[in-house]
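Structural features, examined
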Amino acid sequence: SEQLNRFAGFGIGLASLFTENVLAHPCIVLRRQCQVNYHARNYHLTPFTIVNIMYSVNKTQGPRALWKGMGSTFIVQGITLGTEGIISEFTPLPRELSHKWNLKQIGGHLLLKGLTHVIAMPFYSASLIETVQSEIIRDNPGILDCVKEGIGRVVGMGVPHSKRLLPLMVLTFPTALHGVLHYIISSIVQKLVLFVLKRDNSHNLPTESSTSVQSMLDAYFPELIASFAASLCADVMLYPLETVLHRLHIQGTRTIIDNTDLGYEVLPINTQYEGMRDCINTIKREEGMLGFYKGFGAVIVQYTLHVAVLQLTKIIYSTLLQNVS
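None of the values given here were measured: they were computed from a predicted structure.

Cut-off values and rules
- Residues numbered from 1 in each chain as written.
- Predicted model: local features only at pLDDT ≥ 70, side-chain atom pairs only at ≥ 80, totals over all residues.
- Heavy atoms only, no water.
- Helix = DSSP H or I, 4+ residues; strand = E, 2+ residues; numbered from the N terminus.
- Buried < 20%, exposed > 50% of the residue type's maximum accessible area, 1.4 Å probe, protein only.
- Contact = heavy atoms within 4.5 Å.
- Phe/Tyr/Trp six-rings, centres within 6.5 Å; stacked < 30°, edge-to-face > 60°.
- Polar contact = N/O pair within 3.5 Å; in protein donor to acceptor, adjacent residues only side chain to side chain.
- Expected span 1.5 Å × (residues − 1).
- Axes fitted to C-alpha atoms, helices over the stretch in contact; angles between N-to-C directions.
- Parallel < 35°, antiparallel > 145°, perpendicular 65-115°, else oblique.
- Nonpolar A, V, L, I, M, F, W, Y, C, P; charged D, E, K, R; others polar.
- Core = buried A, V, L, I, M, F, W, Y, C linked by side-chain atoms within 4.5 Å.
- Salt bridge = Lys/Arg side-chain N within 4 Å of Asp/Glu carboxyl O.
- Patch = residues over 30% accessible without salt bridge, like charges linked within 9 Å, V, L, I, M, F, W, Y side chains within 5 Å.
- Areas by Shrake-Rupley, 256 points an atom, 1.4 Å probe, with all protein chains shown as cover.
- Left-handed = near helix turned anticlockwise from the far one by under 90°.

**Overview of the overall build of the protein chain**
For the protein chain, the count of helices and strands is 11 helices and 2 strands. The secondary structure elements of the protein chain, listed N-terminal to C-terminal, are α-α-α-α-α-α-α-α-α-β-β-α-α. A total of 325 residues make up the protein chain; the buried ones form 47% of that total. Look at the contacts in the protein chain between residues 6 or more apart in sequence, and 82% of them connect residues 24 or more apart.

Below is the structure:
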């Protein structure tokens, strides 16, 4: 029984990770391409138009076009986790908050998160370019190209950039702001949802026949549901800021993206934003408030897929555990 519980917990966690990082990747690719496409007339605010454009891209370029840059996103996650661990090891900045936290600890913890995002920033830029660059015109990237181009961005060597490329110092504030706000929102929502779910579970006493099944589900699913709700709330609330952030990162990198109005043809990115404030004002003036939400339909598709996989996993393990019982 204990081995089965461990296997079930591993399987449930693996299904969730697979959905977040692999199954949802085409949604992330389309979402980012829509966000940086200031030419676009179709904003793709609903899942229906996003699914249609995914089909068109897949038909003209093949399925590989929807999974481009996936390796670099894993590398950026690894760099972020490694950087956070190293900084917390050699500084007094706490990686985790204790139960008896105070304002100084919270400040140090958030500073650690901000520094981590700033250090990972050049690699995030390189990964962003890989995910939005059209498959039609790009060469086959190596698995470590993200690292090489990130380092090249810092030292000012490597891939040729235009004069419109924004200095990393200009990108520091919006990158740190987005990362810290995303962490704060997701942490608060996760704790709230977990509190509500555990309180509800304590009121629902299972019968003897379903005790093992129910306790199994109660052990793993509240965490996954809370994590899902936290990511969803943070992504939705910070979507406009993410749009601005991605446009600033991509400017001047000579990136060619797919035409998200048609699903074929390519478009150059030739923006000339001077910084975060200018980018916000320009989007508001030229594309309207909905311009900040270009590609939002991809978020709906992404989290719908996540819900479906969580529900399917729950049904499979409920059936499996009942049969074993």
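Read on, since the account is not over.
**Here we look at the packing of aromatic side chains**
The description of an aromatic ring pair rests on the distance of the ring centres and on the angle between the ring planes. Overall, the coordinates contain 4 aromatic pairs when judged by the stated rule. Measuring from centroid to centroid gives 5.3 Å for Tyr239 and Phe296, while their planes differ by 85 degrees, and the two rings are edge-to-face. In this pair, Tyr239 is assigned in helix 9 (residues 239-250) and Phe296 in helix 11 (residues 296-324), connecting sequence segments 57 residues apart. Just as Tyr239 is buried, Phe296 falls in that class too.

**Let's talk about the environment of Tyr38**
Tracing the backbone shows Tyr38 in the loop between helix 2 (25-36) and helix 3 (47-61). Note on Tyr38: relative accessible area 23%, which makes it partly exposed. Remark: the alpha-carbon pair of Tyr38 and Ile283, spanning 245 residues in sequence, is separated by 8.2 Å. Here Tyr38 is in contact with Arg247, Pro268, Ile269, Asn270, Thr271, Tyr273, Glu287 and Lys294, once residues within four sequence places are set aside. A polar side-chain atom of Tyr38 sits 3.3 Å from the main-chain amide nitrogen of Asn270.

**Focus: the environment of Thr243**
Looking at where Thr243 falls in the secondary structure, it is placed in helix 9. A relative accessible area of 0% places Thr243 in the buried class. For the pair Thr243 and Cys34, spaced 209 residues apart in sequence, the C-alpha separation works out to 9.0 Å. In contact with Thr243, other than residues within four places in its own chain, are Gln35, Ile283, Gly291 and Phe292.

**A look at helix 2**
The end-to-end C-alpha distance of helix 2 is 17 Å, a good match for the 16 Å that 12 residues give at a rise of 1.5 Å each. Helix 2 sits mainly inside the fold: 12 of its 12 residues count as buried. Along helix 2, the residues that are buried comprise His25, Pro26, Cys27, Ile28, Val29, Leu30, Arg31, Arg32, Gln33, Cys34, Gln35 and Val36.

**Observations concerning the packing of helix 5 (residues 103-132) against helix 9**
Between helix 5 and helix 9, whose axes approach to 10 Å, the crossing angle comes to 90 degrees. Considering their axes alone, helix 5 and helix 9 lie roughly perpendicular with respect to each other. Residue-level inspection shows Met121, Tyr124, Ser125, Leu128, Ile129 and Val132 of helix 5 in contact with helix 9, the latter providing His246, His249 and Ile250. Per-class residue counts for the contact of helix 5 with helix 9 are 6 nonpolar, 3 polar and no charged.

**Thoughts on the nonpolar core**
If you look at the biggest cluster of nonpolar residues, it comprises 18 residues, and the most contacted ones within it are Leu171, Val244, Leu248, Cys279 and Ile283. When residues of this core are traced back to their parent elements, those giving at least two are helix 7 (168-203), helix 8 (211-237), helix 9 and helix 10 (276-287). Residue contacts for Val244: discarding those within four places in its chain leaves Met276, Cys279, Ile280, Ile283 and Phe292.

**Brief notes about unusual backbone geometry**
Unusually for a residue other than glycine, His44 sits at a positive phi of about 55 degrees. Relative to the helices and strands, His44 is located in the loop between helix 2 and helix 3. In this structure, Arg254 is a non-glycine residue whose phi angle is positive, near 55 degrees. Structurally, the position occupied by Arg254 is in the loop between helix 9 and strand 1 (256-258).

**Observations regarding the pattern of salt bridges**
Enumeration according to the criterion identifies 10 salt bridges in this entry. The salt bridge involving Arg285 is made with Glu286; its shortest N-O contact spans 3.9 Å. Each member of the pair Arg285 and Glu286 is classed as exposed. Taken together, the shared-partner salt bridges in this structure form one network comprising Arg31, Asp235 and Glu242.

**Thoughts on a nonpolar patch on the surface**
Together, Leu45, Leu290 and Tyr293 give the surface a local cluster of nonpolar side chains, amounting to about 240 Å² of exposed area. Its location among the elements puts Leu45 in the loop between helix 2 and helix 3.

**Some thoughts on the packing of helix 9 against helix 10**
Helix 10 packs onto helix 9 with a crossing angle of 110 degrees between their chain directions and a minimal axis gap of 10 Å. Taken together, the axis directions place helix 9 and helix 10 in an arrangement best described as roughly perpendicular. In the crossing of helix 9 with helix 10, the sense of the turn from one axis to the other is right-handed. Contacts between helix 9 and helix 10 involve Leu241, Thr243, Val244, Arg247 and Leu248 from the first element and Met276, Cys279, Ile280, Ile283 and Glu287 from the second. Residue composition of the contact of helix 9 with helix 10, by class: 7 nonpolar, 1 polar and 2 charged.

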